[in-house]
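Fold and geometry: a report
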Amino acid sequence: MIVNATLTDPTKISSGSLAEGLDLPGSDIDIMYIFNSIDVVDNVSNIKHPTHRLTCVMETDINHPGFTRLRVEATGEEFGVSVDVDCQCSPGTCTGEWLYLSPSKFSTQYMNLWSVPLSLHGPCLSNQEQTIDMAFCVRSKYLPRNASSWAIWHRWQWPSNFVIDRILNYGCLLVPIGPKTLSDNNSNLWRISFSVAEKILVHSFNFTQLLCYGLLKLMLKRIINTHDEVKDLLCSYFLKTAIFWVSEGMNINTFQLSEIYYCFCLCVDKIISWVKKCYCPNYFIPEHNMFRGKINQSNNKILLCVLESIMFGGIDGLLNSSFAPGNENPRLVGKNNESSFIMLDFLLYKMSGTCNLGDTFPGPEFPLRMYNGLAITESLLKSESSSFIIAICKYYFATISKHIAQQLPSPNTKGEAYNIRNLYQRYLKNVIKTDAVSGWLLYASFYYVTGQFDVTLRLTDYVLSKCSPNMIYQSNKLSERCFQRYSHNVHSSMTLNERMTLATIAHVRYVPRSSLIPEELTLEVENHFISISPIIMTHCLRFLCFHHRGDISNRQHALRNLYSAVNTKGITTEGEMNASLTILGVCNEISGYKDEAYECYDEGFFYSNCKCPDAEKRKMKLFDI
């Protein structure tokens, strides 16, 4: 809610296991980006005229029930999305041409918005480390026609009418990927995704249903996928579908903790029956066989043997295989409260890097959207009762304050400097509450911009003292070693804010056209955000301070420290490495080392296949190429 209040397009939705409430070892971060500039309806009669946006009608495919074409009915005033022309002809008759929204061109168009290389990972696009899966999609406020009967078919108590109504009111998502058995004739097919509906269903689970779901996922990871012959034949989605079908077909009161193994067996029996028939019915569109192209009569026999051996082994065999000594993980064994609060903290750190505020290329309304985010955060602080959620809201309040402070007029504005600097102090006093260093670096930047170099140097000394090996980075790559370091530095009697400022560090993020970034780096925030390692930014500020003071000896020392920091490669993402190389190039250029600067810009431009346009501009300008 907070992040989306700061965005225009797309809307972010979390999906996958984490969003459903299961943080199991190896869980990816799954995010769906919904582009709101396209309207999708199930029937032409649902189009509201006049249309001002690109509007499409779903054409479900008989041969591929889980997929649809998006036929363009109206381009509206903001038409700018790529479409394919597809001629609808039958033997001997041509009914004319229709325009269809092209899934491949749609994906390519929005992939180009990202400054880091993305690779195909199943139906998603993934970052280089494959820790974050992203799906670009559009939303239909209507379910497809072949799913319309889902809401009215006979079931016991689950799901409730309230849950069904929520799903009907939301509709579905459409992901730009076709079936595995794709042919040229199906090139315009989009996959119908019920990701949001499924998240609503899982959130309606009782405790035993959720534990059963977790046990099924562990069975897949710890038992089934250890057999090379059947690895990857089943996926978590099939298991979730099984528990949906089992839950609606029985008295929900059967899902009691004392009956968890019985419920687990019912789900495995359901999967076995599907594998025998090589048919897994989608929960919303039963005629969509999700095993198609994956499980067939030539590979189902060994999978059946593995599944039946799990049933034969009983509960002891299941537990021994899933929780064997070699498989132990702190998140799966009995832990005290001291570890429980750390797991929650790590969930926040894991997600915070994927929930950046503001659009990739923000426009003039950016400050207003930051204030919208601040208003929603304050509203949630008043209405939420969970101490953890309240702590997260405080975290975002401080994060938004970082963005707002950088959108204020220059602190050197003539005639208004005193009043404006008071405004800076109002917001900057909040920015130091997200971690140990990034807020202090913004403070240091403020004093640098206002020419108070001595204060800047004192603050950078403090930041360097906090960047010790005992600290952990707030990121989605938190190892077991990070868990141990963190547990040694914090305890449960501290507030989340106290733990963050004591034991974590984060990159400093400058917003587009930031009023706090050094003038020497304004090109880097001309059109977009820049995220910089705190150690890199600290040495950069120290270099610039010594340069303005004419202290050549300390300037050279700071440049050597900056060079050493960049070459340790201790940067978390490709984009941040590009920024660091560019900053090193700027400092070399200021020092008069043009050849070294050129090398930095050149390496920064091509680093890890992640092109940095700012580095290219500086490289061209350096020798007036």
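Right above here is the structure, for reference.
Residues numbered from 1 in each chain as written. Predicted model: local features only at pLDDT ≥ 70, side-chain atom pairs only at ≥ 80, totals over all residues. Heavy atoms only, no water.

Some thoughts on the side chain of S514
Put simply, the rule is: Segments assigned H or I by DSSP are reported as helices when at least four residues long, segments assigned E as strands when at least two residues long, and all are numbered from the N terminus. Relative accessibility under 20% of the residue-type maximum defines a buried residue, over 50% an exposed one, and the middle range a partly exposed one, all with a 1.4 Å probe and only protein chains included. Distance and chemistry together define a polar contact, namely a pair of N or O atoms within 3.5 Å, with one atom able to donate a hydrogen and the other to accept it when in protein, and with adjacent residues in sequence counting only for side-chain atoms on both sides. Any pair of residues with heavy atoms lying within 4.5 Å of one another is described as a contacting pair.
Relative to the helices and strands, S514 resides in the loop between β15 (508–510) and β16 (530–532). Using a relative accessible area of 8% as the deciding quantity, one classes S514 as buried. Side-chain polar atoms of S514 contact the backbone nitrogen of I517, separated by 3.4 Å. For S514, the residues in contact, after removing those within four places along its chain, are Q406 and V525.

Focus: the pattern of salt bridges
The test is simple: A pair is scored as a salt bridge if a Lys or Arg side-chain nitrogen falls within 4 Å of a carboxyl oxygen belonging to Asp or Glu.
Under the definition given, this model contains 14 salt bridges. A salt bridge links E20 to K240; its shortest N-O distance comes to 2.6 Å. Of the two residues, E20 is situated in helix α2 (residues 16–20) and K240 in helix α7 (residues 236–248); the sequence distance between them amounts to 220 residues. One salt bridge in this structure joins R155 and E248, with 3.1 Å as the shortest N-O distance. Here R155 is found in the loop between β10 (132–140) and α4 (161–170), whereas its partner E248 is found in helix α7, with 93 residues between them in sequence.

Quick word on the environment of P534
For P534, the position within the fold is in helix α18 (residues 534–549). Once the C-alpha coordinates of P534 and S438 are considered, the two residues, 96 residues apart in sequence, prove to be 6.5 Å apart. When near neighbours in sequence (up to four residues on either side) are disregarded, P534 contacts V437, L441, C467, Y473, A506 and H507.

Some thoughts on helix α17 (residues 496–503)
The periodicity of an α-helix, 3.6 residues per turn, causes residues three or four positions apart to be oriented the same way. This is how the line gets drawn: The directions from the helix axis to the C-beta atoms form the arc being described.
Listed in full, the buried residues belonging to α17 are L496, R499, M500 and A503. The buried residues of α17 occupy an angular sector of 100 degrees when projected down its axis, which confines them to one face.

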